[in-house]
Amino acid sequence: MPRRYDSRKRVLVTGGAGFIGSHLCDRLLALGHEVLCLDNLFTGSKRNIDHLHGNPFFEFIRHDITFPLYVEVDEIYNLACPASPFHYQYDPVQTTKTSVHGAINVLGLAKRLQCPIFQASTSEVYGDPSVHPQTEDYWGNVNPIGPRSCYDEGKRCAETLFFDYHRQHDLDIKVARIFNTYGPRMHPADGRVVSNFVVQALSGAPITIYGEGNQTRSFCYVDDLVEGILKFMASGPDVTGPINFGNPREMTIRELAETVIEMTGAKSELIFEDLPHDDPKQRRPDISRAKAQLNWEPQVTLEHGLERTVGYFRDLLP
């Protein structure tokens, strides 16, 4: 008996009250789908989805994905996991459980329903890379016992599970490796570099740079990422990934700090602290596969994206 009686899909988004998840919920609803948003609110926030509660096609469930879930849906997007070092190192055992047990639970659900499933993996699977830019066939340089490994290795194991379910059970999977993403609804205290710099600048506080600020990152605006995720899920079952999603424009952390100061008009000075253990020295995605297979590449410039992000934090902060 089919689960779908009309063209409206029923879609499960785990981690749906989080930064990226809430934007994905917005887009899915705008496309005319029914959205089941699941989140335990460890790092997600009801504020991110408050505007959706009046929509009859939106439903929120407070649930920890490390426990099984029994629902009837047509697609699954698995975004459940704290993504900033500050949050995922708070309870590293639980972080690993979220990636591994969570993957087992959503894959079991997808297997029962025989529905497509998307996995939000991460550029952290590349560790501190010795290959630059990072291509999907690079196996990475990850410390398996360091303070970041709960997240890095948890996500790597989740990828293993996804591809084994694909090979063993012919499951339709989509694995995306997401690089640094920013935009409205970032948690103001998540410790990630864009939110850190913007909050510090708007508060008139010194901007904290770890190391000398010469390490590089590439920043993708959240709307571009969500567009890529939707294109990926709409692709045929032969397109499994992994596929990198990120902006190939690379810049140093110091350059980002100076851009934020200029954009906010802040008088903040730069202060320098020791570089965290295992912090990657460089990070830039090769998005050739996303271009070739999905016709996707970022459209929003850093300046335009930061303008929207700064505006969000101006309204949010007291």
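1. Examining the packing of helix α7 (residues 253-264) against helix α9 (residues 302-316)
Packed helix pairs are specified by the crossing angle of their axes together with the interaxial distance, meaning the distance between the axes. Axis separation between α7 and α9 bottoms out at 11 Å; the angle between their running directions is 60°. If you check the angle between α7 and α9, you find them oblique. Helix-helix and strand crossings are classified by hand; for α7 and α9 the assignment is right-handed. Taken together, the residues of α9 that come into contact with α7 (itself represented by L256, T259, V260, M263 and T264) are E303, L306, E307, V310 and R314. Partitioned by chemical class, the residues of the contact of α7 with α9 number 5 nonpolar, 2 polar and 3 charged.

2. Structural notes on unusual backbone geometry
Residue P133 is reached from H132 by a cis peptide bond, and omega for that bond is -10°. Here G241 and P242 are connected by a cis peptide whose omega angle stands at 0°. Inspection of the secondary structure puts P242 in the loop between α6 (222-234) and β11 (243-245). Of note in the backbone geometry, Q114 takes a positive phi value of approximately 50° without being a glycine. Tracing the sequence through the fold places Q114 in the loop between α3 (92-113) and β5 (117-122). For Q114, a relative accessible area of 52% puts it in the exposed group. A positive phi angle, near 80°, is found at R185, a position not held by glycine.

3. With respect to the pairing of β5
Most of β5 sits inside the fold, with 6 of its 6 residues counted as buried. By the alternation rule, side chains of β5 split into I117, Q119 and S121 and F118, A120 and T122, which are all buried. Here strand β4 (residues 75-78) pairs with β5 via 3 bridges, running parallel. Across the sheet, residue I76 finds its bridge partner in β5, namely I117. Bridging between β5 and strand β6 (residues 173-178) involves 6 bridges; their strand directions are parallel. For F118, the partnering residue across the bridge sits in β6 and is K174.

Reading guide: rules and limits
Residues take numbers from 1 onward in each chain, read along the sequence in its written order. The predicted origin of the model limits local features to residues at a pLDDT of at least 70 and limits the giving and counting of side-chain atom pairs to 80 or more, whereas totals for whole chains, interfaces and linings rest on all residues. Side-chain measures were taken over the full set of non-hydrogen atoms in the model, leaving aside hydrogen atoms and water. To define axes, lines are fitted to C-alpha atoms, for helices over the stretch in contact only, and angles between the resulting N-to-C directions are given on a 0 to 180 degree scale. Elements are defined by DSSP. Helices are runs of H or I of four residues or more, strands are runs of E of two residues or more, and each kind is numbered from the N terminus. Should an angle fall under 35 degrees it is called roughly parallel, over 145 degrees roughly antiparallel, and 65 to 115 degrees roughly perpendicular, with every other angle called oblique. Working rule for handedness: look at the near helix, and if it is turned counterclockwise from the far one by less than a right angle, call the crossing left-handed; if clockwise, right-handed. Whether two residues are in contact is decided by their heavy atoms: any pair within 4.5 Å suffices. Each residue is assigned to one of three groups, with Ala, Val, Leu, Ile, Met, Phe, Trp, Tyr, Cys and Pro labelled nonpolar, Asp, Glu, Lys and Arg labelled charged, and all others, Gly among them, labelled polar. Relative accessibility decides the category of a residue: with a 1.4 Å probe and only protein chains considered, values under 20% of the type maximum give buried, values over 50% give exposed, and everything between is partly exposed. Pairing between strands is defined by DSSP: at least two bridges between them are needed.

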